[in-house]
Amino acid sequence: QVLARQDDRICYEIAASDKEGRAIVYQCHGRTSASFNQLRLCDESVMRVTANGSRPVASIQEFLREIEMQLQAEQAGSHKPRRNNILQEVLLLDGETALPFADLRRLDTDGEALIGEWLAQHGTKNWIDALLEASLQPMIHLLYAHGIGIEADAANMVLMHRAGLPSRVALKELPAGLHMASQFSACAGIEPSLLQSYEDGAARGESSATQVMTQFYSATMLRNFGQLSIFLREYFRWPELSFWQQVAQCIYRYQDARPAMALRFASFDLFAASVQVECPTRRKLLGEGEGFKTLRNPLYRFRR
């Protein structure tokens, strides 16, 4: 809930409850991001407010625990079987080094961004273009050509690079993270079949292009590239809209090279005015019926 606005700074109030079930609230400052209208909160401003008064939040862990109901998702996830580290298994080509995609937003002990030297060496625009060619193009090819949306956020992607310049990506948590449109109007010929998952018992075949788009946008666009665009703005002053324009150009390069697939581009409209995304935290807090939300699509302004 918005309490007050001053220029681009907003004061928010967030309802929560402590471990005894007593109602409390958190108040903090932040701003609305251009990337899917996400809220970016200033952790230094977070105040915990109870009937006895207010105090600064003891830790972000306390904030998350009381907002996300004792982090039930993490507790449930702790019982999953351990998997081998993809970095130990991926086959690297000559000159390549592997890096978890999430580390693109990592800071060192001095507070400096890990990718800072790479951006300075290769140029921010050139580096982003190379990143999108290496990571986004393969995923939109699977989406357009086969109706497969990969649910790949930063935790499930590994970037291969040469001296910091992106070259390829590897994906893990598959096939559970594959979502296939079993029928969509633009799919011609024999559709691919997903093998049964040894862990989940079945691959996630979906019934519509809309459902596949929801999973693809939730992980790839919102949680992965959306968070990266905000990081680049905050630490390197690279405008979010410039980032999304480069994403749009990457998609159009793929489409322009394959005009015969125009109907498939329409079936999976990456430039729609709004997109539906999955919100796991919202579902945990508000119930199963509240697990999805419609957001403004930052790619829409670049629609041809």
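Residues numbered from 1 in each chain as written. Predicted model: local features only at pLDDT ≥ 70, side-chain atom pairs only at ≥ 80, totals over all residues. Heavy atoms only, no water.

Asks: Which residues make up the pattern of salt bridges, and what values go with them?
Replies: A pair can form between side chains of opposite charge whenever their charged atoms are brought close. Enumeration over the complete set of coordinates arrives at 10 salt bridges. Close ionic contact of Glu96 with Arg162 constitutes a salt bridge, the shortest N to O distance being 3.8 Å. In this pair, Glu96 is assigned in the loop between α3 (86-89) and β7 (97-100) and Arg162 in strand β9 (residues 157-162), connecting sequence segments 66 residues apart. For Glu96, a relative accessible area of 8% gives the class buried. Note that Glu133 and Arg253 form a salt bridge whose closest N and O atoms lie 2.7 Å from each other. (Salt bridge = Lys/Arg side-chain N within 4 Å of Asp/Glu carboxyl O. Helix = DSSP H or I, 4+ residues; strand = E, 2+ residues; numbered from the N terminus. Buried < 20%, exposed > 50% of the residue type's maximum accessible area, 1.4 Å probe, protein only.)

Asks: Tell me about the packing of helix α5 (residues 124-146) against helix α6 (residues 209-236), and please be specific about residues and values.
Replies: Interhelical geometry of α5 versus α6 gives an angle of 175 degrees and a closest axis separation of 12 Å. Judged by the angle between their axes, α5 and α6 are roughly antiparallel. The residues of α6 that touch α5, namely those facing Ile128, Leu131, Leu132, Ser135, Leu136, Met139, Ile140 and Leu143, are Val212, Met213, Phe216, Thr220, Met221, Phe225, Leu228 and Leu232. Tallied by class, the residues present in the contact of α5 with α6 amount to 14 nonpolar, 2 polar and no charged. (Axes fitted to C-alpha atoms, helices over the stretch in contact; angles between N-to-C directions. Parallel < 35°, antiparallel > 145°, perpendicular 65-115°, else oblique. Contact = heavy atoms within 4.5 Å. Nonpolar A, V, L, I, M, F, W, Y, C, P; charged D, E, K, R; others polar.)

Asks: Before we move on, could you go through the sheet that holds β9 and cite the residues and values that matter?
Replies: The strand order across the open sheet built from 3 strands is β7-β9-β10, with neighbouring strands paired in antiparallel fashion. Only two strands of the sheet have a single partner each, and these edge strands are β7 and β10 (165-171). Averaged over all pairs of adjacent strands, the angle between strand axes in this sheet comes to 30 degrees, irrespective of strand direction. Both β7 and β9 contribute to a ladder of 4 bridges, which runs antiparallel. Within β9, the position partnered with Pro100 by the bridge is Val158. In the packing of α5 onto the sheet, the strands contacted are β9 and β10, and the crossing angle to β10 comes to about 25 degrees. (Pairing = 2+ DSSP bridges.)

Asks: Lay out the pairing of strand β6 (residues 53-56) in plain terms, naming residues and giving numbers.
Replies: Of the pairings in the sheet, the one linking strand β5 (residues 47-50) to β6 comprises 4 bridges and is antiparallel in character. Bridge pairing in β6 places Thr50 opposite Gly53. Here β5 folds back onto β6 in antiparallel fashion, the turn holding 2 residues.

Asks: So what about α5? Which residues, and what values?
Replies: Its 23 residues place the ends of α5 32 Å apart at the C-alpha level, agreeing with the 33 Å of an ideal helix rising 1.5 Å per residue. Bending of α5 peaks at approximately 35 degrees at the position of Leu136, with proline Pro138 no more than four residues after it. Phi turns positive, to about 70 degrees, at Gly147, one or two residues after α5. (Expected span 1.5 Å × (residues − 1). Bend = angle between axes of the 7 residues up to and from the residue.)

Asks: Describe the packing of aromatic side chains, naming the residues involved and giving the relevant values.
Replies: Aromatic ring pairs are reported here in terms of the distance separating the ring centres and the angle at which the planes meet. With the rule as written, the count across this model stands at 10 aromatic pairs. Relative to Phe225, the ring of Phe101 lies with its centre 6.2 Å away and its plane at 90 degrees, an arrangement referred to as edge-to-face. Here Phe225 lies in helix α6 and Phe101 lies in the loop between β7 and α4 (116-122), a separation of 124 residues in the sequence. The pair Phe101 / Phe225 is uniform in exposure class, with both members buried. Here Tyr252 and Phe271 contribute two aromatic rings whose centre-to-centre distance is 4.5 Å and whose plane-to-plane angle is 5 degrees, an arrangement assigned as stacked. Taken together, the residues Tyr252 in helix α7 (residues 240-256) and Phe271 in the loop between α8 (262-267) and β13 (274-278) connect sequence positions 19 residues apart. Comparing Tyr252 with Phe271, the two get one shared label, buried. (Phe/Tyr/Trp six-rings, centres within 6.5 Å; stacked < 30°, edge-to-face > 60°.)

Asks: Mind laying out the pairing of β10, listing which residues take part and the relevant values?
Replies: Pairing of β9 with β10 involves 6 bridges; the strand directions are antiparallel. Each residue of the ladder has a partner; that of Arg162, found in β10, is Leu165. Linkage of β9 to β10, two consecutive antiparallel strands, is achieved through a turn of 2 residues, within which Ala163 is found at a positive phi near 55 degrees.

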